[in-house]
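Examining the three-dimensional arrangement
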Amino acid sequence: MSTPVGSIAHLAATTVQTDDIGRLIPLIDPRDPLLFIRRGQGIAGIGEAMRLEFTGPNRMTDAAAAWREVLATSTIDDPLGIPGTGLVALGSFAFSEHSAATSVLIVPAVILGRRDGVSWITRVNTDAPVPAPRPFGAEYRISLLPGQMTADAFVAAVDIALERIHAGDVRKVVLARDLIGHLPEGSDLRLVLGSLALGYPDCFTFAVNGFIGSSPETLVRVDAGSVSARVLAGSIGRGADAEADHDAAVSLATSTKDLDEHQYALTSVLTALAPHSSTLATSDQPFTLKLPNLWHLASDVAGTLSDGSTSLDLIAALHPTAAVAGAPTQAALDLIHELEPFDRGRYAGPVGWVGANGDGEWAVALRSAHVSHTGRVTAYAGGGIVDGSEPARELAETKLKFRPIVEAFG
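Residues numbered from 1 in each chain as written. Predicted model: local features only at pLDDT ≥ 70, side-chain atom pairs only at ≥ 80, totals over all residues. Heavy atoms only, no water.

**Observations concerning the overall build of the protein chain**
Of regular secondary structure, the protein chain possesses eight helices and 23 strands. A compact globule built from 410 residues would reach a C-alpha radius of gyration of about 22 Å, and the protein chain, at 20 Å, matches this within 12%. With the principal axes as the frame, the protein chain shows a C-alpha extent of 60 × 50 × 40 Å. Total accessible area on the protein chain is roughly 16,200 Å²; 52% of this is exposed by carbon and sulfur atoms. (Helix = DSSP H or I, 4+ residues; strand = E, 2+ residues; numbered from the N terminus. Rg over C-alpha atoms; globule rule 2.2 N^0.38 Å. Areas by Shrake-Rupley, 256 points an atom, 1.4 Å probe, with all protein chains shown as cover.)

Right, here's the structure in full:
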């Protein structure tokens, strides 16, 4: 942990219910948005009352310990007591323990929320008024072009991965490639977030510390002692018409390759959560989840926590799942490090929020891009490689997974 907790001022958070505040995106900072919403519900932040930064192999366990220490010295007035009220931190964590990217927990100075018809504002060490919507900036369109991992390089990497799988070195590995672009000076990132939220309402649209995206995958949700997750692995493009779309879903649901890929991901989540819950349940078979651009194989996991773990404790236990790394985990991570020519940063890491009681909601940071202070955009997409994978098909899958971000910026 690079920010000493003891040096941080006492936090006083006060939550009050407000009239309906409407859409959250127009209320947030155009240059440095803080957001985590799904179907128009969730939280948004303005300003920073506190920032904690973490690096290295213990970044998530350090965050859990730091959050507990912060709470021990804070005062919280939260008469609503619903998910997202009270003292809340938005967070985003690097995929790899070796990443140069900094993992963060940010407590906004002003937290705005909407859930189940209730709107609220939480003020942290401030008496700021309820903010008014800000006009959106000028529209822009940029192209995202191949980065360090070109299409040809990705296909070659998949070929090598398949050789390692056939040799028995690894059973599954998730390989990603990158696209890059550059924003005009002063670009309003809320335009991208609005496009993602509108086009993918069933996904988690997020923005934390320059990292933005819209993820379909719940890493973990903790709410009043219950724990749940949604595992996604295995995918196919949507059909051009109703009949072709139905055929695509059936093909995915009966694909041995995709079912094997999904089982690795589901097993890794169940194994990670088992020490924290003795009541985990999931369906016997995955279901097909329909998104605007893809069908996914999905499984929901649910249980009751038995050890008092917080959502930060659980993301530390879960990450990285086989859905974003592979199996066995360390062998897959070693192969990723060997074959990917870039630092993933916070792509495929946990992104979400944690509350004062340890509850929270965390997604896997997919369909995402990092926007630097200079306006450089780096987007990522990947696919799971298992026995039976075809390099050309895996490349096509990454193109489909890039689509939300490419269209939002373009």
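Anyway, onward from the coordinates.
**Some points on the pattern of salt bridges**
Counted by the stated rule, this structure contains 19 salt bridges. The partner of Arg51 in a salt bridge is Glu48, with the nearest N and O atoms 2.6 Å apart. Arg221 is the salt-bridge partner of Glu361, the closest N and O atoms lying 2.6 Å from each other. With a gap of 140 residues between them, Glu361 in strand β21 (residues 360-364) and Arg221 in strand β14 (residues 218-223) connect regions that are remote in the sequence. A relative accessible area of 26% means that Arg221 is categorised as partly exposed. Salt bridges here are not isolated pairs; linked through shared partners, they connect Lys172, Lys257, Asp258, Glu261, Arg393 and Glu394. (Salt bridge = Lys/Arg side-chain N within 4 Å of Asp/Glu carboxyl O. Buried < 20%, exposed > 50% of the residue type's maximum accessible area, 1.4 Å probe, protein only.)

**Some thoughts on the UniProt feature "domain: Chorismate-utilising enzyme C-terminal" (unreviewed entry) in the protein chain**
As recorded in UniProt, the sites labelled "domain: Chorismate-utilising enzyme C-terminal" (unreviewed entry) are residues 152-401. The annotated region residues 152-401 carries 34% helix and 34% strand content, and the separation between its end C-alpha atoms amounts to 17 Å. (UniProt positions renumbered as here; feature names shortened; annotations may be inferred.)

**Comments concerning the packing of aromatic side chains**
If you walk through the whole model with that rule in mind, you get six aromatic pairs. Consider the rings of Phe206 and Phe211, whose centres lie 5.5 Å apart with planes at 45 degrees: the pair is tilted. One residue, Arg38, lies across the ring of Phe204, its end atom 5.4 Å from the ring centre. Positioned over the ring face of Phe95 is Arg344, at 4.4 Å from the centre of the ring. (Phe/Tyr/Trp six-rings, centres within 6.5 Å; stacked < 30°, edge-to-face > 60°. Lys NZ or Arg CZ within 6 Å of the ring centre and 35° of its normal.)

**Description of the confidence of the model for the protein chain**
Predicted coordinates in regions of low pLDDT should not be interpreted in detail. On average, residues of the protein chain score 94 in pLDDT, and 98% of them reach the 70 mark or higher. In this model, residues 1-6 is a region of pLDDT below 50 whose contacts with residues beyond four sequence positions or in other chains number 15 contacts. (pLDDT = per-residue confidence, 0-100. Contact = heavy atoms within 4.5 Å.)

**Brief notes about the packing of helix α2 (residues 151-166) against helix α7 (residues 329-339)**
Describing two packed helices takes the angle between their axes plus the distance from one axis to the other. Between α2 and α7, the shortest axis-to-axis distance is 11 Å and the interhelical angle comes to 150 degrees. When the axis of α2 is compared with that of α7, the two are roughly antiparallel. Judged by the sense of rotation from one axis to the other, the crossing of α2 with α7 is right-handed. Each of Ala157, Ile160, Ala161 and Arg164 in α2 lies in contact with α7, whose residues at this interface are Leu335, Glu338 and Leu339. Looking at side-chain class alone, the contact of α2 with α7 contains five nonpolar, no polar and two charged residues. (Axes fitted to C-alpha atoms, helices over the stretch in contact; angles between N-to-C directions. Parallel < 35°, antiparallel > 145°, perpendicular 65-115°, else oblique. Left-handed = near helix turned anticlockwise from the far one by under 90°. Nonpolar A, V, L, I, M, F, W, Y, C, P; charged D, E, K, R; others polar.)

**Notes on unusual backbone geometry**
Put simply, His319 and Pro320 share a cis peptide bond, and its omega is -5 degrees. For Pro320, the position within the fold is in the loop between α6 (311-318) and β19 (326-327). Positive phi values are uncommon outside glycine, yet Ala348 reaches one of about 70 degrees. Tracing the sequence through the fold places Ala348 in the loop between α7 and β20 (350-355).

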